Amino acid sequence: MSKRSASLGAGPSFLPDIAPLRASREFRLLWTGQLISQAGSALRLVAVPYQVYVLTGSSLAVGLLGLFSAVPLITLSLWGGVIADRVDRRRMLVITSACLTPPLSPSRSRRSSAR
């Protein structure tokens with residue numbers, strides 16, 4: 001039994017283990033980046049419906065925004081789950097990475113030509 005579990009009692013600890021954050025700079029950077037990204041996503045989930053309400057003054061428009069953003073999420077998640085269960089993971093990762101690359105290419109070429 002470790003010193004920590006002995007001092008807190010015999011039961012399991014419900015506190016998160018933050019030792020990796022202390023030990024690895026790369027893990028801290030990854031965790032911090034994910035925290036900032038999640039905060040931005042949460043802000044967007046509030047800001048977009050608020051902006052729609054301010055521009056239109058319509059609660060119906062805000063509701064339709066939620067509906068139209070939820071329908072593709074639900075339907076495509078179901079199909080994506082079926083595909084993820086039936087296809088080799090490595091092959092699926094290669095295919096999805098290849099599909100994400102073309103949309104990023106024009107933005108990279110525009111940035112490099114602007115320099």
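Everything quoted here is computed from the prediction, not taken from an experiment.

**Student:** Quick one: what's the story with the overall build of the chain, residue by residue and with numbers?
**Tutor:** What the chain contains, in helices and strands, is five helices and zero strands. In the chain, the succession of helices and strands from N to C terminus is α-α-α-α-α. Among the 115 residues that make up the chain, the fraction classed as buried is 0%. For the chain, the accessible area works out to roughly 10400 Å², and carbon and sulfur atoms hold 67% of it.

**Student:** Any chance you could break down the packing of helix α3 (residues 25-56) against helix α4 (residues 59-86) for me, citing the residues and the numbers?
**Tutor:** Direction vectors running N to C along α3 and α4 enclose 150°, while the axes themselves pass 8 Å from each other. The angle between α3 and α4 places the two elements in the roughly antiparallel class. When the axes of α3 and α4 are compared, the crossing they make is right-handed. In this structure, α3 contributes Val48, Pro49, Val52, Tyr53 and Thr56 to the contact, and α4 contributes Ser59, Ala61, Val62 and Leu65. A class-by-class count of the residues in the contact of α3 with α4 yields seven nonpolar, two polar and no charged.

**Student:** Tell me about α3, residues and numbers included.
**Tutor:** Helix length check: α3 (32 residues) gives 46 Å between terminal C-alpha atoms against 46 Å at 1.5 Å per residue, within 8%. Put simply, Ser24 is the residue that caps the front of α3, since its side-chain oxygen is 3.5 Å from the backbone nitrogen of Glu26.

**Student:** Can you explain a nonpolar patch on the surface? Please cite residues and give values.
**Tutor:** A grouping of Leu60, Leu64, Leu67, Phe68 and Val71 is seen on the molecular surface, where their side chains present a nonpolar patch of about 500 Å² in accessible area. Following the sequence through the fold, Val71 ends up in helix α4. On the accessibility criterion, Val71 (43% relative accessible area) is partly exposed.

**Student:** Please provide a residue-by-residue account of the confidence of the model for the chain, values included.
**Tutor:** Confidence along the chain averages 84 in pLDDT terms, with 80% of residues attaining 70 or more. Confidence, expressed as mean pLDDT per element, reaches its minimum in the chain at helix α1 (residues 3-8) with 52 and its maximum at α3 with 95.

**Student:** Describe in detail α4, supporting the description with residues and values.
**Tutor:** Relative to the 40 Å expected for 28 residues at 1.5 Å per residue, α4 spans 41 Å between its end C-alpha atoms, a close match to the ideal helical length. N-cap assignment for α4: the residue whose side-chain oxygen lies 3.2 Å from the backbone N of Leu60 is Ser58.

Reading guide: rules and limits
- Residues numbered from 1 in each chain as written.
- Predicted model: local features only at pLDDT ≥ 70, side-chain atom pairs only at ≥ 80, totals over all residues.
- Heavy atoms only, no water.
- Helix = DSSP H or I, 4+ residues; strand = E, 2+ residues; numbered from the N terminus.
- Buried < 20%, exposed > 50% of the residue type's maximum accessible area, 1.4 Å probe, protein only.
- Areas by Shrake-Rupley, 256 points an atom, 1.4 Å probe, with all protein chains shown as cover.
- Axes fitted to C-alpha atoms, helices over the stretch in contact; angles between N-to-C directions.
- Parallel < 35°, antiparallel > 145°, perpendicular 65-115°, else oblique.
- Left-handed = near helix turned anticlockwise from the far one by under 90°.
- Contact = heavy atoms within 4.5 Å.
- Nonpolar A, V, L, I, M, F, W, Y, C, P; charged D, E, K, R; others polar.
- Expected span 1.5 Å × (residues − 1).
- Polar contact = N/O pair within 3.5 Å; in protein donor to acceptor, adjacent residues only side chain to side chain.
- Patch = residues over 30% accessible without salt bridge, like charges linked within 9 Å, V, L, I, M, F, W, Y side chains within 5 Å.
- Salt bridge = Lys/Arg side-chain N within 4 Å of Asp/Glu carboxyl O.
- pLDDT = per-residue confidence, 0-100.

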